[in-house]
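Report on the structure
Single-letter residue listing:
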Amino acid sequence: MPRVGLSTTAVVNAAIEVIDEQGVEALTLAAVAARTGVAPPSLYKHVAGLAELRTLVGIRVITEMTDRFVAAVLGRSGDDAVAVLLRTYRDYVREHPARYASVPPDPLHDPAMVDAGTRMLQVFLAALREYGLTDSAAIHATRCGRSIAHGFASLEATGGFGLPEDLDETYERLIDMFVASLPRGTRTGR
């Protein structure tokens, strides 16, 4: 009989707590079992194993990020939407660096994560809509924006910027360069 209150959601919550406190490498079924007060075999009533738990954590993190992105860009368009999206991305990674590290590089190629990954992609595409980008052009722009946010935030989270110049200023310069690279046609904003 499963422990009262223990559910798949509770197991994922405990896994995220382990990751937040100790890093992705510390995520084991034993660590989650200890946190939830059960023996490791009891977790198999809620997850098929560590691989599935890692997938569920990845889906949860992608969903959290996407929800934040949607809230941040809602009612915005053009340069303003793109800039706030990139800032929100960086903020999430700064707040949850270990949790963010649990997301696979390409969730769209994992059948279990494709829905969550597609929803996140749709937020990026919506933020870029005003630039008239479609098809491959929209995907290239999305990749560029994600690369800026992921690369900068990942380097920042791991202490990759040791010089004293202000990181916020550097990031704003990156945002400005990215926005300036987008088509000028019918867009509005800034």
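As annotated in an unreviewed UniProt entry, the chain carries the name TetR family transcriptional regulator and comes from Plantactinospora endophytica.

The gaps left among the atoms become clear once a water-sized probe is rolled over them. For the coordinates displayed, the defined rule picks out 1 cavity of 30 Å³ or more. Estimates place the volume of the largest cavity at around 60 Å³. In terms of lining, the largest cavity is formed by V82, L85, L86, F124, A127, L128, A141, T142, G145 and F178. Within the residue set of the lining of the largest cavity, elements represented by two or more residues are helix 4 (78–95), helix 6 (114–128) and helix 7 (135–157). The class makeup of the residues in the lining of the largest cavity is 8 nonpolar, 2 polar and no charged.

Mapped onto the present numbering, the UniProt feature "DNA-binding region" (unreviewed entry) falls on residues 28–47. Note that residues 28–47 is 40% helix and 0% strand, and that its end C-alpha atoms are spaced 12 Å apart.

Annotation from UniProt places "domain: HTH tetR-type" (unreviewed entry) at residues 5–65. Note that residues 5–65 is 64% helix and 0% strand, and that its end C-alpha atoms are spaced 26 Å apart.

Parameters at a glance
Residues numbered from 1 in each chain as written. Predicted model: local features only at pLDDT ≥ 70, side-chain atom pairs only at ≥ 80, totals over all residues. Heavy atoms only, no water. 1 Å grid on protein atoms, 1.4 Å probe; cavity = no way out; pocket = protein on both sides within 12 Å on 5 of 7 lines; lining within 4 Å. Points joined across faces, edges and corners; volume = space filled by probe spheres on them. Helix = DSSP H or I, 4+ residues; strand = E, 2+ residues; numbered from the N terminus. Nonpolar A, V, L, I, M, F, W, Y, C, P; charged D, E, K, R; others polar. UniProt positions renumbered as here; feature names shortened; annotations may be inferred.

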